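A look at the structure
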Amino acid sequence: MKIEYDRETCIGIFQCVDEWDAFEKNLDAGKADLLDAEEVDEQVFVREVPEDAEFDAEFAARVCPVDAITLYDDDGEQLVP
């Protein structure tokens, strides 16, 4: 499973931070940061989701009010949103 985070879309509500510890508040930027992620496009970050964190990653994606977080299964099929 992998997660994709569009930081430009983020509006800094930080609900993802409450759901998964891979997201961290960046108060200077007013946006969340996705830890251990690779920037694959300008302000778009991707990382693998460990099996023991899949539930938390899914909730982080589901609670984002602007759909800045997308979750994909191992076959590349979009799960959330």
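To be clear, the structure that these remarks concern was listed above.
Residues numbered from 1 in each chain as written. Predicted model: local features only at pLDDT ≥ 70, side-chain atom pairs only at ≥ 80, totals over all residues. Heavy atoms only, no water.

What follows is about the environment of Cys16. Relative to the helices and strands, Cys16 resides in helix 1 (residues 15–19). As for Cys16 and Phe59, which are separated by 43 residues in sequence, their C-alpha atoms are 7.6 Å apart. When residues no more than four places from it in sequence are discounted, the contact partners of Cys16 are Phe23, Ala32, Ala60, Val63 and Ile69. (Helix = DSSP H or I, 4+ residues; strand = E, 2+ residues; numbered from the N terminus. Contact = heavy atoms within 4.5 Å.)

Let us look at the sheet that holds strand 6 (residues 69–72). Spatially, five strands are ordered 4-5-1-6-7 in an open sheet, and the strand pairing comes out antiparallel. Looking at the sheet topology across the chains shown, the edges are occupied by strand 4 (38–41) and strand 7 (78–80). Recorded for the sheet is a direction-independent mean angle of 35° between the axes of neighbouring strands. Pairing of strand 1 (residues 2–6) with strand 5 (residues 44–48) involves five bridges; the strand directions are antiparallel. (Pairing = 2+ DSSP bridges. Axes fitted to C-alpha atoms, helices over the stretch in contact; angles between N-to-C directions.)

This paragraph deals with the pattern of salt bridges. All told, the structure shown has two salt bridges when counted by the stated rule. The partner of Glu58 in a salt bridge is Arg62, and the shortest N-O contact between them spans 2.9 Å. One end of the pair, Glu58, and the other, Arg62, are both in helix 2 (residues 54–63), four residues apart, so they sit about a helical turn from each other. Assessed through its relative accessible area of 27%, Glu58 is described here as partly exposed. (Salt bridge = Lys/Arg side-chain N within 4 Å of Asp/Glu carboxyl O. Buried < 20%, exposed > 50% of the residue type's maximum accessible area, 1.4 Å probe, protein only.)

As a further point, take unusual backbone geometry. Omega for the bond connecting Val80 with Pro81 falls within 30 degrees of zero, at -10°, which places this linkage in the cis form. Topologically, Pro81 is positioned in the segment after strand 7. Backbone geometry places Phe14, a non-glycine residue, at a positive phi of 65°. On the basis of relative accessible area, Phe14 is assigned to the buried category, the value being 14%. Even without being glycine, Asp36 reaches a positive phi, approximately 60°.

A word on the side chain of Arg47. Looking at the element boundaries, Arg47 is found in strand 5. Asp36 provides the closest opposite charge to the buried, salt-bridge-free Arg47, at an N-O distance of 4.2 Å. In this structure, Arg47 is in contact with Lys2, Ile3, Trp20, Ala22, Leu34, Leu35, Asp36 and Ala37, ignoring residues within four places of it in sequence. (Lys, Arg positive; Asp, Glu negative; His and termini not counted.)

What follows is about the state of the cysteines. Under the defined criterion, the tally for this structure stands at zero disulfides. The thiol of Cys10 is unpaired, and the distance to the nearest cysteine sulfur, on Cys16, comes to 6.1 Å. Since its relative accessible area comes to 11%, Cys10 is described here as buried. (Disulfide = S-S within 2.5 Å.)

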